[in-house]
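# Tertiary structure, described
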Amino acid sequence: MRSLRRLSHAALLGQGPRRDGLPDAMEHVAKVHRAHHPEADLAALRRAYVLAESSHRGQMRKSGDPYITHPLAVTLLLAQLGAETTTLTASLLHDTVEDTDVTLNQVREEFGEEVSYLVDGVTKLEKVDYGAAAEPETFRKMLVATGNDVRVMSIKLADRLHNMRTLGVMRPEKQVRIAKVTRDVLIPLAERLGVQALKTELEDLVFAILHPEEHALARELIAEHAKEPDPLTGMATSVRRVLREAGIIAQVLIRPRHTVSVHRLRQKRGELGPCDFGRLLIMVEEDADCYAVLGELHTCFTPIVAEFKDFIAAPKFNLYQSLHTAIADEEGRVAEVLVRTRQMHRVAEAGVIALGDPHGVPSGGDGSDTEPGPGWLSRLLKWQSHATDTETFWTELRDELAQDREITVYCASPGAAPAPSGGALPLPAGATCVDAAYARYGEAAHRCIGARVNGRLTALSTVLRDGDALQLFLEPAASAPSGPSPEWLDHARTPAARIAIRHWLAAHPVAAEAEPKQELTSVGATGNGGGHARQAGDGGSRAVAPCSTAAPVSPPDPADPGGRSSREDSTGPSPDSGRATETASVVAEDPHAVVRLARCCTPVPPDSVTGFAVRGGAVTVHRESCQTVTRMASTGRRPVPVSWRQGAAGCRVTLRAEALGRPHLLADLTEIIAAQGAAVVAADVEPPREQRVLHTYTLQLPDAAGLPDLMRAMRRVPGVYDVTRASRPLPAR
């Protein structure tokens, strides 16, 4: 505050130049800037101040100070955080285009394209033109500009901090409105950009306005603590001695907690102890020294293992790096400890301001070698372009910024080429498979029919965790997408997913509202094509596919009409006319014995088979792997040798297709079955469970040798993830 009073005094006295050409009002700013950038050319700063001072001359702030004190204060804040000259030049001019007769073209001609871009990025839109939408649309404009250069938001954050410091002169209702926007939008942005120095003070200022009683209580606790000797002082001395004896060069400081931090800790722990009002901060030169310090602390003190976190090996999404731990001394005093290098500390305090623009295009470069922007910013810029409605944008922006953690999942699609990034997909914590689909594919995610997480099939509503391996299954692109169901909105956590789903549902109101949820029904295919199967998509059935359009269907089987069969076998002669009977393919030891294929395992050539005599002198043939064989052998039943007849051709088999539910699945499967020359004797589709369906088909094959090809062809149908031989066929109807 003393620095700001000095700036106000200098501004009131005018702009008398010093020997180096800088006005007196810029002396302190220049000194701070040179401390971070000794070789900085201050000529642009001098010209920017002269233009800003002359343009704002005669304007006063509500606090009574000359208006020029505001851009000077914003510039000083940025200089203290290590911002480079271009950012400081733009910060001096950030209100000239908005509040004076200076034009953007003048700024561009005098200071260049880069400064002009930054000034334009923070210039507010006029309420005359936008009305109530001016503030949300101004933030949209700033965020789009930040996508190209994060220094735009750095200037805005410093601008808001100085305005919050002087907010007391405003009407109470206006203070509350500004504080809420700061809390909901700018503080989360400061966190994402890693600018902790600005974020913590903004939090305290907002806390004082929105929660004055809790703020007063926290300040009272801090004041009471300050009256007593701080036990952290003794612990810091002990830590310095331990590190000195270990030969580790380090600086050990006591870092007091700010007001909001004390309040949160009191809510978490209830009663605060004498060591809870601060933390020990240990700064070293190299990354390896951080771990050396950690080893000494955990050796010479008692570590609190649950408090250890390594943000050096795994930095936070806002570039923050440190080791966090807690130790207890011999007296039982517990202190939280932060260990970091000096460079890490600089980035922890100033974030992107200290780094310039870590994701930006270097001067004179084409951007081909630069890193992509932060994941949260890329997602935000993508979805905001689809949120044409201001109210939708403003609501979704606050929801997006409320997500304060990120995860990374590794996403792939079956049959798709590997992504250049290895499939790494950054998402907010709490995101589901629905969010991942829209983040990866955009509107093509309308075709998503299922997902596999860490090798296991799962519902699209599944919440993803950091490091999950994700596979997404899509409908074939050749057909029109079936689209999302309204239930997807319940599982979407990201604005990109919610906006895309709402657009689809608005464009397809009949599909969204007129289609009731339907359960899958069991199907008995009939020879006249009268049988139908309802197929489930992700939220219920959306299509009806007649079996007769896809595959030839055998006439009903009159055998075993009531399901009468022995417990050991469920067999019956095939009624198929014009085809070899199932008994003609197998011969038993007794050539006169009636041979039947067991319907529990439907053996086909060249399966290894065995037989058992049943009532009536017939022989039932099972696959050797059938559970019935094991059960009958355990009861002492004697197997009967059987073998396949040479040249055996036609056979009956039951297959189970496990798939992700989608429209037209039945039609696609039966079309493939028909293409392989098989006939459907019976079919059944079970009701969907977590978007998965089970189709069971009893088929008559003209040649048993074609079974492997048929099963492979069925597995290639989109959405089908497994086809197996069934242990029990369907009863023919």
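Our next topic: the overall build of the protein chain. Tallying secondary structure elements over the protein chain gives 28 helices and 23 strands in all. Looking at the protein chain as a whole, 50% of its 733 residues are labelled buried. Sequence-distant contacts in the protein chain: of pairs separated by 6 or more residues, those separated by 24 or more amount to 67%. Accessible area for the protein chain stands at about 34,300 Å²; split by element, carbon and sulfur atoms hold 51% of it.

Moving on, we come to the packing of aromatic side chains. Per the stated rule, a full pass over the model turns up four aromatic pairs. Consider the rings of Phe139 and Trp394, whose centres lie 5.6 Å apart with planes at 35 degrees: the pair is tilted. Here the residue Phe139 occupies a position in helix H10 (residues 134–148), and Trp394 occupies one in helix H21 (residues 390–402), the gap between them amounting to 255 residues. Neither residue differs from the other here; Phe139 and Trp394 are each classed as buried.

If you walk across this open sheet you meet the four strands as S21-S22-S20-S23, and the pairing is antiparallel. Strands at the two margins of the open sheet, each flanked by one partner only, are strand S21 (679–685) and strand S23 (720–725). Within this sheet the neighbouring strands show an average axis-to-axis angle of 20 degrees, counted without direction. Contacts from helix H27 (residues 665–675) reach strand S20 (651–660), S21, strand S22 (692–701) and S23 within the one sheet, and its direction differs from that of S22 by about 25 degrees. Sitting on the sheet, helix H28 (residues 707–715) is in contact with S20, S22 and S23, with an inclination near 155 degrees to S23.

With that out of the way, let us pick up the sheet that holds strand S17 (residues 619–623). The strand order across the open sheet built from four strands is S15-S17-S16-S18, with neighbouring strands paired in mixed fashion. The open sheet has two free edges, formed respectively by strand S15 (595–597) and strand S18 (639–640), since each of these has just one partner strand.

Glancing now at the pattern of salt bridges. Using the criterion set out here, one finds 30 salt bridges in the structure. Arg151 is the salt-bridge partner of Asp149, the closest N and O atoms lying 2.6 Å from each other. In this structure, Glu331 engages Arg333 in a salt bridge whose closest nitrogen and oxygen atoms are separated by 3.8 Å. Overlapping salt bridges, with partners in common, bring together Glu84, Glu114, Asp149 and Arg151 in one network.

Criteria and cut-off values
Residues numbered from 1 in each chain as written. Predicted model: local features only at pLDDT ≥ 70, side-chain atom pairs only at ≥ 80, totals over all residues. Heavy atoms only, no water. Helix = DSSP H or I, 4+ residues; strand = E, 2+ residues; numbered from the N terminus. Buried < 20%, exposed > 50% of the residue type's maximum accessible area, 1.4 Å probe, protein only. Contact = heavy atoms within 4.5 Å. Areas by Shrake-Rupley, 256 points an atom, 1.4 Å probe, with all protein chains shown as cover. Phe/Tyr/Trp six-rings, centres within 6.5 Å; stacked < 30°, edge-to-face > 60°. Pairing = 2+ DSSP bridges. Axes fitted to C-alpha atoms, helices over the stretch in contact; angles between N-to-C directions. Salt bridge = Lys/Arg side-chain N within 4 Å of Asp/Glu carboxyl O.

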